[in-house]
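For reference, the chains in residue letters:
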Amino acid sequence: MTERLTIALIYGSGREGRFADTIAGWLEPELAGFHQYDIIRIDPAELVFTPGGLDEASAERVESQILQADAFLIVTPEYNHAYPAALKAIIDSCFRPWHAKPIAFISYGGVSGGLRAVEQLRLVFAELHAVAIRETVSLAHAWTQFDPAGNPFRPGQLNGQLTVLMRRLTWWANALKTARIATRYDEAAA
Ligand SMILES: Cc1cc2nc3c(=O)[nH]c(=O)nc-3n(C[C@H](O)[C@H](O)[C@H](O)COP(=O)(O)O)c2cc1C
């Protein structure tokens, strides 16, 4: 299947002054080069959070975006060896719309490049019947990898890793979309 796919780009950080915006400045123009994808953006900085999670309007908006998506690309930093609370609130805002869809991760942080956050997210997404793919793009000491204008010092290496990740994600997105159309996922274990 080579039809168009929708990818939801989900940011983990909503902090003011976040490094996520530097990552986005590199990533979003690169993603535009993957022409088979329509890209939708889920950004904690544009959502309203309450002690119980997203507020009703934000939760409805996020659920409909997750439902629409065929694949997910999660861009997450590492906070105290885990992923940010804002990202968990986004993940927990719905259940079935995640089912039988692939997830890829771009992570960043200090020495670990955010990989400890990613390993925890793999456990979370297993519970949501989603498929977390192996390939990642991981930025260790992320702030040393971009010049003051936000350009990566090693664009070839970074873009090469992104291309591999996107090819894997596309394979899974096509395979799982075909499977979801052939058999409703809920019915597979009914
Ligand atoms: C509350 C907090 C905890 C952090 N804990 C870690 C950590 O455990 N490991 C790490 O590599 N970096 C850690 N960092 C550094 C972040 O990965 C780094 O500041 C990153 O830029 C945060 O992403 P953001 O600016 O997009 O929010 C932490 C930062 C914050 C704010």
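Refer to the structure above for everything that follows.
The text that follows walks through the structure, step by step, so that each part is easy to find.

### Section: the overall build of the protein chain
So, point 1. On a plain count of helices and strands, the protein chain comes out with six helices and seven strands.
So, point 2. In sequence order, the secondary structure elements of the protein chain are arranged as β-α-β-β-β-α-β-α-β-α-β-α-α.
So, point 3. Over its C-alpha atoms the protein chain spans a radius of gyration of 16 Å, differing by no more than 12% from the 16 Å that the globule rule assigns to 190 residues.
So, point 4. Along the longest, intermediate and shortest principal axes, the C-alpha atoms of the protein chain span 50 × 40 × 25 Å.
So, point 5. Put simply, the protein chain shows about 9,400 Å² of open surface, and 54% of that area lies on carbon and sulfur atoms.
So, point 6. Taking the average location of the 17 positive side-chain charges in the protein chain and that of its 21 negative ones, the two points are 6 Å from each other.

### Topic: unusual backbone geometry
So, point 1. For His81, which is not a glycine, the phi torsion comes out positive at approximately 65 degrees.
So, point 2. Structurally, the position occupied by His81 is in the loop between strand S5 (71-77) and helix H3 (85-91).
So, point 3. Unlike most non-glycine residues, His141 shows phi in positive territory, near 45 degrees.
So, point 4. Here His141 shows up in the loop between strand S7 (131-140) and helix H5 (155-182).

### Re the environment of Ile39
So, point 1. Note that Ile39 resides in strand S2 (residues 37-42).
So, point 2. In this structure, Ile39 is in contact with Ile7, Leu9, Leu31 and Ala32, ignoring residues within four places of it in sequence.

### What to know about the nonpolar core
Inside soluble globular proteins, nonpolar side chains tend to come together where they are buried.
So, point 1. With 30 residues, the main nonpolar core has Ile23, Leu27, Leu73, Leu162 and Met166 as its most contacted residues.
So, point 2. Where this core is concerned, the elements lending two or more residues are strand S1 (5-11), helix H1 (20-31), S5, strand S6 (102-109), S7 and H5.
So, point 3. In this structure, Met166 is in contact with Ile7, Leu31, Phe34, Tyr37 and Leu73, ignoring residues within four places of it in sequence.
So, point 4. Ala8, Ile40, Tyr83 and Val124 belong to the second largest nonpolar core, which has 27 residues in total.

### Focus on the packing of aromatic side chains
So, point 1. Counted by the stated rule, this structure contains six aromatic pairs.
So, point 2. Measuring from ring centre to ring centre gives 5.1 Å for Trp98 and Phe125, while their planes differ by 65 degrees; the resulting arrangement is edge-to-face. With Trp98 in the loop between H3 and S6 and Phe125 in helix H4 (residues 115-127), this pair connects stretches of sequence that are 27 residues apart.
So, point 3. With relative accessibility at 0%, the residue Phe125 sits in the buried group.
So, point 4. Between Trp171 and Trp172 the ring centres are 5.2 Å apart and the planes differ by 80 degrees, which places this aromatic pair in the edge-to-face class.
So, point 5. Given the relative accessible area of 55%, Trp171 is considered exposed.
So, point 6. In this structure Trp172 comes out as partly exposed when scored by relative accessible area, which is 31%.

### What about the site of the ligand?
So, point 1. Around the ligand, the structure places 15 residues, and the nearest of them are Ser13, Phe19, Tyr79, Tyr108 and Gly110.
So, point 2. Within the contact set of the ligand, an oxygen atom lies 2.6 Å away from a side-chain nitrogen or oxygen of Tyr108.
So, point 3. Calculation on the ligand without its partners gives an accessible area of 620 Å², and the protein chains cover 75% of this total.

### Topic: the sheet that holds S1
So, point 1. Pairing in this open sheet of five strands is parallel, and the strands run S2-S1-S5-S6-S7 from one edge to the other. Two strands close off the open sheet at either side, each with one partner strand: S2 and S7. If you compare each strand with its neighbour and ignore which way they point, the axes differ by 20 degrees on average.
So, point 2. Note: S1 against S5, five bridges, orientation parallel. Counted as the bridge partner of Ile10 is Ile74 from S5.
So, point 3. Taken strand by strand, H5 contacts S1, S2, S5, S6 and S7, and its axis lies near 165 degrees from that of S7.

Cut-offs used in this document
- Residues numbered from 1 in each chain as written.
- Predicted model: local features only at pLDDT ≥ 70, side-chain atom pairs only at ≥ 80, totals over all residues.
- Heavy atoms only, no water.
- Helix = DSSP H or I, 4+ residues; strand = E, 2+ residues; numbered from the N terminus.
- Rg over C-alpha atoms; globule rule 2.2 N^0.38 Å.
- Areas by Shrake-Rupley, 256 points an atom, 1.4 Å probe, with all protein chains shown as cover.
- Lys, Arg positive; Asp, Glu negative; His and termini not counted.
- Charge placed at Lys NZ, Arg CZ, Asp CG, Glu CD.
- Contact = heavy atoms within 4.5 Å.
- Core = buried A, V, L, I, M, F, W, Y, C linked by side-chain atoms within 4.5 Å.
- Buried < 20%, exposed > 50% of the residue type's maximum accessible area, 1.4 Å probe, protein only.
- Phe/Tyr/Trp six-rings, centres within 6.5 Å; stacked < 30°, edge-to-face > 60°.
- Near = heavy atom within 4 Å.
- Polar contact = N/O pair within 3.5 Å; in protein donor to acceptor, adjacent residues only side chain to side chain.
- Pairing = 2+ DSSP bridges.
- Axes fitted to C-alpha atoms, helices over the stretch in contact; angles between N-to-C directions.

Read these as layout, nothing more, since geometry by itself doesn't imply function.
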